[in-house]
Amino acid sequence: MRLDVITIFPEYLDPLRHALLGKAIEQGRLTVGVHDLRDWAPGVHQSVDDSPYGGGPGMVMKPEVWGPALDDVAAGRSGHELASAEPHRDAARHDELNGVAPQAYPGEDADLPLLIVPTPAGRPFTQSDARAWSAEDHIVFACGRYEGIDQRVIDDAAGRYRVREVSIGDYVLIGGEVAALVIAEAVVRLIPGVLGNRRSHEEDSFSDGLLEGPCYTKPRSWRGLDVPEVLFSGDHARVDRWHRERSLERTWRRRPELLDAAELTAADRDFLAGLAEAAEAEPAGAGDDAAGAVTGRAVHCDLQLLIPPVEWPAIAEAMPGTLAAARVAGAQVWAAETDFTCEPDNMLVTEYAQREGHPPIAEVLHRVTVTGTTELELREVTKAVVAALPKGAYWYGSSYEGGVDPEAGDAGSAACAWQGDD
Ligand code: JDH
């Protein structure tokens, strides 16, 4: 396979040389060319971007630069190769070896190279794309920056390439380079011989439509945590069933939508029905956190916090995830704005005025309550909650054993009447 990448940041693609892909290059299974788009930019300024028609923020990558770059790379002209190997056309084709043939849509010429254009507006890239693309002879990545590439570049390239606009996920990157690395790694590891002697890719997550369960190695006991007993039983059928059930359970908890398409036996369905029944019997939320099984006791953290009210929604939204990562599960977060005019000597307000040289202007005193389940010490709970606050925020408070329901009128203990609705 030959991979070409066109980018204004060629050094971003240095990882292509390493580890898995480096091995494929050395073995002559892969040839990689990384090309600086500016080599095709005319003039001393070598500008590659311009302002968007129709207005709006940001810049768009220019067609007069991308067009010739894609022409040359499709034709195999120009290029600084990361490492030379035998010319790819002499190598045995993976479709001949493996019965996988390059995929073409109706009306497409399967002999054209594949042009992959990472974009947040692309079709989702999946393992099935990776499998199909591992049979390609020549893949070219067009890595955009700024707001992206002038659409006519992509439309025009359809004459010389099979074009695929793809996205690697629902989050926003600053350019296509990292997406190209992700896709290249997923594709190259499926080229026969690249991954060494792994049993097969059929056991990977997604191959059977389920997530993989946990895995363990020596020692048998570590930091008080034991490897599940069944794995030492020597009973292969029992071990296989246990793996299958962990896989089903994890999929059910983290990616339930995958179960719709998975191939399930009657035993699998019985097991899943048991999980659903147990969850209904349990108190809401406990045990089905996405981060895994929840252990520990209920705690709550009570804080006074001085911040501009506009900052609160983002903090509240991010907090359950931040806390889950810090091992406080199932966090619920409440806040109420309090009026500190009735508390002229409030500690935070005084502290703020002393340090900033003026009383708070945009900042408002909030009373924040966070509940969750954890094995952490109370001091660690407070630290975890505070770690989710903006740096430098003025706060004061502690954590306590047990849960609370702030909506059930705990506000009576506040020094000041509650304001705001939640
Ligand atoms: C390629 C440039 C940056 C960011 C859209 C709409 C502002 C457009 N999964 C993925 N996430 N992000 C990418 C990716 C991002 C890229 C490029 C891939 C090239 N960027 C960029 C956001 C937008 N946004 C609202 N506008 C006001 C722009 C480009 C990706 C993949 N694969």
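Residues numbered from 1 in each chain as written. Predicted model: local features only at pLDDT ≥ 70, side-chain atom pairs only at ≥ 80, totals over all residues.

**Concerning the overall build of the chain**
Item 1. The secondary structure content of the chain amounts to 11 helices and 15 strands.
Item 2. Buried positions account for 28% of the 422 residues belonging to the chain.
Item 3. Counted over contacts in the chain with a minimum sequence separation of 6, partners at least 24 positions apart contribute 80%. (Helix = DSSP H or I, 4+ residues; strand = E, 2+ residues; numbered from the N terminus. Buried ≥ 20, exposed ≤ 12 C-beta atoms within 10 Å, placed from the backbone. Contact = placed C-beta atoms within 7 Å.)

**Brief notes about the site of the ligand**
Item 1. The environment of the ligand is formed by 20 residues, the closest being P118, G144, L173, G176 and A179.
Item 2. Considering every element that reaches the shell around the ligand, the biggest residue donor is strand β6 (residues 114-124), with four residues.
Item 3. The class makeup of the residues in the shell around the ligand is 10 nonpolar, eight polar and two charged. (Near = placed C-beta within 6 Å. Nonpolar A, V, L, I, M, F, W, Y, C, P; charged D, E, K, R; others polar.)

**Digging into the pairing of β6**
Consecutive side chains along a regular strand alternate between the two faces of the sheet.
Item 1. Alignment of β6 against strand β7 (residues 138-142), held across three bridges, turns out to be parallel. Of the residues in β7, the one forming a bridge with L114 is I139.
Item 2. The pairing of β6 with strand β8 (residues 162-167) spans seven bridges and is parallel. What sits directly across from P118, in β8, is V166. (Pairing = 2+ DSSP bridges.)

**Some points on the nonpolar core**
Item 1. In this structure, L115, F141, A142 and A184 are the most contacted members of the largest nonpolar core, which totals 51 residues.
Item 2. Examining the composition of this core, we find that seven residues originate from one element, helix α6 (residues 177-188), more than from any other.
Item 3. Those residues within four positions of F141 in sequence are excluded, and the remaining contacts are V5, I6, I116 and A180.
Item 4. Of all hydrophobic cores here, the second largest spans 24 residues; its members include V299, V333, A384 and V385. (Core = buried A, V, L, I, M, F, W, Y, C linked by C-beta atoms within 7 Å.)

**As for the pairing of strand β11 (residues 297-307)**
Item 1. Of all 11 residues making up β11, nine are buried, and the element is well covered by its neighbours.
Item 2. In terms of strand pairing, β11 meets strand β13 (residues 364-374) through 11 bridges, oriented antiparallel. Considered in β13, the bridge of L305 is made with H366.
Item 3. Direction of pairing for β11 relative to strand β14 (residues 394-401): antiparallel, over a ladder of eight bridges.

**With respect to helix α8 (residues 266-281)**
Item 1. End to end, α8 covers 23 Å across 16 residues, agreeing with the expected 22 Å (1.5 Å per residue, within 8%).
Item 2. Counting buried positions along α8 yields zero of 16 residues, so the element is predominantly exposed. (Expected span 1.5 Å × (residues − 1).)

**Description of unusual backbone geometry**
Item 1. With omega at 0°, the peptide bond leading from K218 into P219 counts as cis.
Item 2. Relative to the helices and strands, P219 is located in the loop between α6 and β9 (221-222).
Item 3. Despite not being glycine, R223 shows a phi value in the positive range, around 50°.
Item 4. Following the sequence through the fold, R223 ends up in the loop between β9 and β10 (225-226).
Item 5. Its 5 C-beta neighbours within 10 Å are what place R223 among the exposed residues.
Item 6. With phi around 75°, R327 is a residue other than glycine that occupies positive phi space.

**Thoughts on the environment of A324**
Item 1. Mapping A324 onto the fold places it in helix α9 (residues 312-325).
Item 2. Classification of A324 by C-beta neighbours within 10 Å gives buried; the count is 20.
Item 3. For the pair A324 and A384, spaced 60 residues apart in sequence, the C-alpha separation works out to 9.5 Å.

**Observations concerning the packing of helix α7 (residues 236-254) against α8**
Item 1. Running from amino to carboxyl end, α7 crosses α8 at an angle of 50°, the nearest separation of the two axes being 10 Å. It follows from the interaxial angle that α7 and α8 lie oblique. As for how α7 packs across α8, the hand of that crossing is right-handed. Across from E245, L248, E249 and W252 in α7, the residues of α8 making contact are D268, F271, L272 and L275. (Axes fitted to C-alpha atoms, helices over the stretch in contact; angles between N-to-C directions. Parallel < 35°, antiparallel > 145°, perpendicular 65-115°, else oblique. Left-handed = near helix turned anticlockwise from the far one by under 90°.)

**A closer look at helix α2 (residues 63-74)**
Think of an α-helix as turning once every 3.6 residues; residues three or four places apart then point the same way.
Item 1. Look at α2: 16 Å from first C-alpha to last across 12 residues, which is about the 16 Å you get at 1.5 Å a residue.
Item 2. All of the buried residues along α2 are V65, W66, A69, L70 and V73. For α2, the angular spread of buried residues about the axis comes to 115°, placing them on one side.
Item 3. Looking at the buried positions of α2, the neighbouring elements they touch are β1 (2-7), β2 (31-36), β4 (60-61), β7 and α5 (151-157).
Item 4. Backbone geometry just downstream of α2 places G76 in the positive-phi region, at approximately 80°. (Arc of directions from axis to C-beta.)

**Quick look at the environment of P118**
Item 1. Within the element layout of this structure, P118 appears in strand β6.
Item 2. Using a count of 26 C-beta atoms within 10 Å as the deciding quantity, one classes P118 as buried.
Item 3. Ignoring anything within four residues of it in the chain, the contact list for P118 reads C143, V166, I168, G176, A179 and A180.

**Remarks on the environment of Q304**
Item 1. For Q304, the location among the structural elements is in strand β11.
Item 2. Ignoring sequence-local partners within four residues, the contact set of Q304 consists of L348, L365, R367, W395, Y396 and G397.

**Side note on the confidence of the model for the chain**
Item 1. Per-residue pLDDT for the chain averages 86, and the proportion of residues at 70 or more is 84%.
Item 2. This model gives residues 410-422 a pLDDT under 50, and the stretch forms 18 contacts once residues within four places in sequence are excluded. (pLDDT = per-residue confidence, 0-100.)

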